[in-house]
Amino acid sequence: MFCLRRVTVISACIVWALLISSGHSSLDNFRWRSCVDLDSDGDVRLSWTPKTDRIVFQVEARTLGYVGVGFSQDGSTVGADMVIGWVDDVMQKAFLLDYHGASKNAEPLLDPVQNYELLGGFQNQTHTVLQFQRPWDTCDSDHDRRLGNDTERIIWTVHREDPPQQSQMGHGGDWQGARSVHLVSVANPRHSASHPHVKQWDVKLNNFSVPDNMDTLYWCKIFKVPPLTHKHHIIGYEPLISAGSRGVLHHMLLYECVGVQLDQYLNHPGAACDSPAMPRPWEFCVTPSVAWATSSTGEFLPDHVGIPIAETQRSTYFMLEVHYDNPTLKQVTDSSGLRIFYTDKLRQNEGAMFVTGIIVSPLQVIPPWQHTYKTAGYCDFHCTHSTLPSEINVISALLHSHRAGREITLRHIRAGVELPPIAQDKTYDFKYQQSRVLVEEQQILPGDEIITECVYNTATRSAPTVGGYSTKQEMCLGFITYYPRSPLASCLSMTPVDFFFHTFGVQKFYHFNMTTIERMFLRLTDAQIVKKTVSTTPPSFPKLSPDDELNDAINEEAISTLKKMADYSVEGGGENSLFDSLIIEDPEEFRNRSFTSHLHSLPWAEQLLTQRIETAVYRGKHMTFCRLYNDSLQTQPQVFNFPNFTELENSSYNMVCPQRKLQPLISPDNSSYITANFYIIWFSLVVVLNKTYSY
């Protein structure tokens, strides 16, 4: 048996004739839809194929002992759904048992109902192979996890020997770990990349020295497509990650540059994105074509979709943006980038990508000490009506937030009725941001609305978290890949400035009225985030125009405030905090406080307060931005009330589970193998994972 795979990207898995030791019967040849190496050495591999009502698994481990696999919400054994199996060395017979995790550091318990069905297993001189299946929903919610579209943390353990019958087990398996996967969202196969007409284009940095004096940096560099005489199609990409860079590389985006000739910058070493050092023509690189984030193995488009490059008037120049997250200030020399696969065999449909969600801005505030707190970005009906053709077909989505993110949903509204989500992850893992290929393409029509909903957990944080570019700050974005191509580059929203401050009880600041502050935020927004993300280096800001009706002194102070906004620190309260320059005049009870101080002094432990703010900001007013591929706004920013619509009923969680017969734990002739030693096996996994895995 073997898995057809790249270094880290798995495209297809094939298992040839699998001999089962019991009776030496054989299974039909089976093609696995996905497989993943659970360990870094490739010694433990999990393969699976989704079916309509169940999911079929195979685990292969370099051992002649037992293998344990579990499904967990957070990577620990608490509440995990566990299965353990082995092949008896003497009888050459396979065994499988269903367990569930209890409280922290407690022994897992044997399920009274065994919902995993052993399909077969064998071992050779080096490996143990077990194949089994289970329903997506076993209707045993007390003991088993309901598997589905959400990210699953696979926990695993391997021991060198079979479980003993009577003797004490000792401490721990010989190997163990955890890894996140998508079970339903199966990536398109990579086989098209091997065709003779498919070529490669490596877009990567060259020995870039990552600064060791800042924890967050966005670095941009210009590239030109290979010499081509006519239009080609991108069909997929893979990440190229330098040795030693994996721990600091957070995401990479490839933007299309439109309406500019950039040959003079091809030898430019790059610059901090949107900093004063970045040449102004680079600002026309605004439409994402490829989006990679941490732990992703890349993406290949379906056979009927390609993204154009080397067109006559566009898609010749691209800008690579690399986000480095380096909180430990490591010294790293990086040559990472993207390997683009393209072909001259044009596909039936031309695809593209647009971004939706919340504009990255400190106007997104998440209170501390919250187990669940929701925010929302709104893509309005006017934007989709004016930019989309008759319909677009969504093929994949990359959901993106930072360390506090726990759930992300792209809600879909049509004519006042909510449709099934475009994409959803209720157990989002910041460390695993693989794009989600839709099982069935979903249509977005002109006039449809999209709500990007993010749920955060800040239970261990003592100060507010705001929107920003550091991974300690937060984002709420969705990158949607679709066809046919439209002019749309991004459809984002933010809370209107006056509504935001009034929600937090502030009516007036010294020196600046709300209109002026809003203009400042809009200039900051237009300079940075609607187009692309920025580095920690503040951008340059032109003077405010005369129609702002500010005298020179206030004008200079406004520019200074904008610079502080660009250099905002997530920790807050410091001299560079963006809200420090806004001093409250009204109401009197908050007078002479900076807005930073005001945010930190609010009684966030009062749930009535946080719920009121959450509801007001989520379901209140949204200022929307509809930007096109040529860096122009389709319309001026508009303010909308949160839409009224009939919400989708989550009927899948209201299913009636039929009564089922209890499956015997084992066959009678295997009873000697069920001893208390299995509790010791899984107890060792509990201890190790709860000590080593941090979420």
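Residues numbered from 1 in each chain as written. Predicted model: local features only at pLDDT ≥ 70, side-chain atom pairs only at ≥ 80, totals over all residues. Heavy atoms only, no water.

Enquirer: Now, about the overall build of the protein chain: what can you tell me, with residues and values included?
Expert: Counting its secondary structure elements, the protein chain contains seven helices and 42 strands. Counting every position in the protein chain, which comprises 695 residues, the buried fraction comes to 58%. Taking the contacts inside the protein chain whose residues are at least 6 apart along the sequence as the reference set, 76% of them involve residues at least 24 apart. Accessible area of the protein chain: about 28500 Å², with a carbon and sulfur share of 50%. (Helix = DSSP H or I, 4+ residues; strand = E, 2+ residues; numbered from the N terminus. Buried < 20%, exposed > 50% of the residue type's maximum accessible area, 1.4 Å probe, protein only. Contact = heavy atoms within 4.5 Å. Areas by Shrake-Rupley, 256 points an atom, 1.4 Å probe, with all protein chains shown as cover.)

Enquirer: So what about the state of the cysteines? Which residues, and what values?
Expert: A disulfide bridge is the covalent bond that connects two cysteines by way of their sulfur atoms. Counted under the stated rule, the structure contains five disulfides. Covalently, Cys257 is tied to Cys285 through a disulfide, its sulfur atoms 2.0 Å apart. Every disulfide takes its handedness from the sign of the S-S torsion; for Cys257 and Cys285 that torsion is 100 degrees, giving right-handed. Taken together, the residues Cys257 in strand S19 (residues 249-257) and Cys285 in strand S21 (residues 285-293) connect sequence positions 28 residues apart. Each member of the pair, Cys257 as well as Cys285, is classed as buried. Between the sulfur of Cys379 and that of Cys491 lies a disulfide, 2.1 Å long from S to S. Disulfide Cys379-Cys491: the torsion about the S-S bond is 100 degrees, which places it as right-handed. (Disulfide = S-S within 2.5 Å.)

Enquirer: Mind laying out the packing of aromatic side chains, listing which residues take part and the relevant values?
Expert: Under the definition given, this model contains 26 aromatic pairs. Note on Phe300 and Phe341: the rings are 5.3 Å apart at their centroids and 45 degrees apart in plane angle, and the pair reads as tilted. Of this pair, Phe300 sits in strand S22 (residues 299-300) while Phe341 sits in strand S26 (residues 337-343), and the two are 41 residues apart along the sequence. Between Phe501 and Phe579 the ring centres are 6.3 Å apart and the planes differ by 80 degrees, which places this aromatic pair in the edge-to-face class. With Phe501 in helix H2 (residues 497-503) and Phe579 in the loop between helix H4 (552-566) and strand S40 (584-586), this pair connects stretches of sequence that are 78 residues apart. Site record: aromatic cluster; members linked through ring pairs are Phe500, Phe501, Phe504, Phe509, Phe579, Phe595 and Trp604. One Lys or Arg, Lys221, reaches over the ring of Phe223 and ends 5.4 Å from the middle of that ring. Geometry around Tyr629 places Arg314 over its ring, the cationic atom sitting 4.0 Å from the centre. (Phe/Tyr/Trp six-rings, centres within 6.5 Å; stacked < 30°, edge-to-face > 60°. Lys NZ or Arg CZ within 6 Å of the ring centre and 35° of its normal.)

Enquirer: Lay out helix H6 (residues 607-618) with the relevant residues and their values.
Expert: Taking 1.5 Å per residue, twelve residues should reach 16 Å; H6 reaches 16 Å between its end C-alpha atoms and fits that length. What H6 keeps buried is the set Leu609, Thr610, Ile613, Glu614, Val617 and Tyr618. Seen along its axis, H6 keeps its buried residues to an arc of 145 degrees; they face one direction. For H6, the elements touching its buried residues are strand S30 (373-379), strand S32 (405-414), strand S35 (449-456), H2 and strand S41 (621-628). (Expected span 1.5 Å × (residues − 1). Arc of directions from axis to C-beta.)

Enquirer: Could you give an account of the sheet that holds strand S5 (residues 44-50), with specific residues and numbers?
Expert: To summarise the sheet geometry, strands pair through backbone hydrogen bonds and adopt either a parallel or an antiparallel arrangement. Within the open sheet, the five strands sit side by side as S4-S5-S6-S12-S11. Their pairing is antiparallel. The open sheet has two edge strands with one neighbour each: strand S4 (34-37) and strand S11 (117-123). Across the sheet, the mean angle separating the axes of adjacent strands is 15 degrees when strand polarity is ignored. Across eight bridges, strand S6 (residues 54-61) lies against strand S12 (residues 128-135) in antiparallel orientation. (Pairing = 2+ DSSP bridges. Axes fitted to C-alpha atoms, helices over the stretch in contact; angles between N-to-C directions.)

Enquirer: Explain the pairing of strand S18 (residues 232-240) to me, and be specific about the residues and the numbers.
Expert: Of all nine residues that make up S18, nine are buried, and the element is covered over most of its length. For S18 and strand S23 (residues 305-309), the ladder comprises three bridges, and the chain directions are antiparallel. Directly across from His232, in S23, lies its bridge partner Ile309. Where S18 lies against S26, seven bridges are found, and the strand directions are antiparallel. Among the inter-strand pairings, Tyr237 is bridged to a residue of S26, identified as Ile340.

Enquirer: Which residues make up the sheet that holds S19, and what values do they have?
Expert: The five strands lie next to each other as S20-S17-S24-S19-S21, forming an open sheet whose pairing is antiparallel. Single-partner strands in this sheet number two, and they are strand S20 (271-272) and S21. Examined bridge by bridge, S19 and strand S24 (residues 317-325) share eight bridges and lie antiparallel to one another. Bridge pairing in S24 places His251 opposite His323.

Enquirer: Break down the nonpolar core for me, with residues and values.
Expert: The biggest cluster of nonpolar side chains holds 86 residues, and the ones touching the most others in it are Leu262, Trp282, Phe501, Phe504, Phe509, Ile517 and Phe595. Non-local contacts of Phe504, meaning those with residues more than four positions away in its chain, are made with Val365, Phe595, His598, Leu599, Leu602, Trp604 and Ile613. Core analysis: the next-biggest nonpolar cluster, separate from the first, contains 33 residues, Trp201, Val305, Phe318 and Leu338 among them. (Core = buried A, V, L, I, M, F, W, Y, C linked by side-chain atoms within 4.5 Å.)

Enquirer: Residue-level account of the side chain of Asn326, with values.
Expert: One can find Asn326 in the loop between S24 and strand S25 (332-334). On the basis of relative accessibility, which here comes to 2%, the residue Asn326 falls in the buried class. Contact partners of Asn326, with chain neighbours within four places excluded, come to Val210, Pro211, Asp212, Met214, Asp215 and Val248.

Enquirer: Before we move on, can you summarise the confidence of the model for the protein chain with the specific residues and values?
Expert: With 79% of its residues at a pLDDT of at least 70, the protein chain reaches an overall mean of 82. Here residues 1-12 is modelled with pLDDT under 50, and outside its nearest four sequence neighbours on either side it reaches 39 contacts, counting other chains as well. (pLDDT = per-residue confidence, 0-100.)

Enquirer: Tell me what's going on with the pattern of salt bridges, and back it up with residues and numbers.
Expert: Counted according to the given criterion, the structure contains 24 salt bridges. Residue Glu311 is joined to Arg314 by a salt bridge in which the shortest nitrogen-to-oxygen separation is 3.9 Å. Like Arg314, Glu311 is buried. Between Arg403 and Asp325 there is a salt bridge, with its nearest N and O atoms 3.1 Å apart. Here Asp325 lies in strand S24 and Arg403 lies in the loop between strand S31 (392-400) and S32, a separation of 78 residues in the sequence. When its relative accessible area of 36% is taken as the criterion, Arg403 is described as partly exposed. For Asp325, a relative accessible area of 8% corresponds to the buried category. A single salt-bridge network, built from bridges that share partners, covers Lys231, Glu256, Glu311, Arg314, Glu350 and Arg485. (Salt bridge = Lys/Arg side-chain N within 4 Å of Asp/Glu carboxyl O.)

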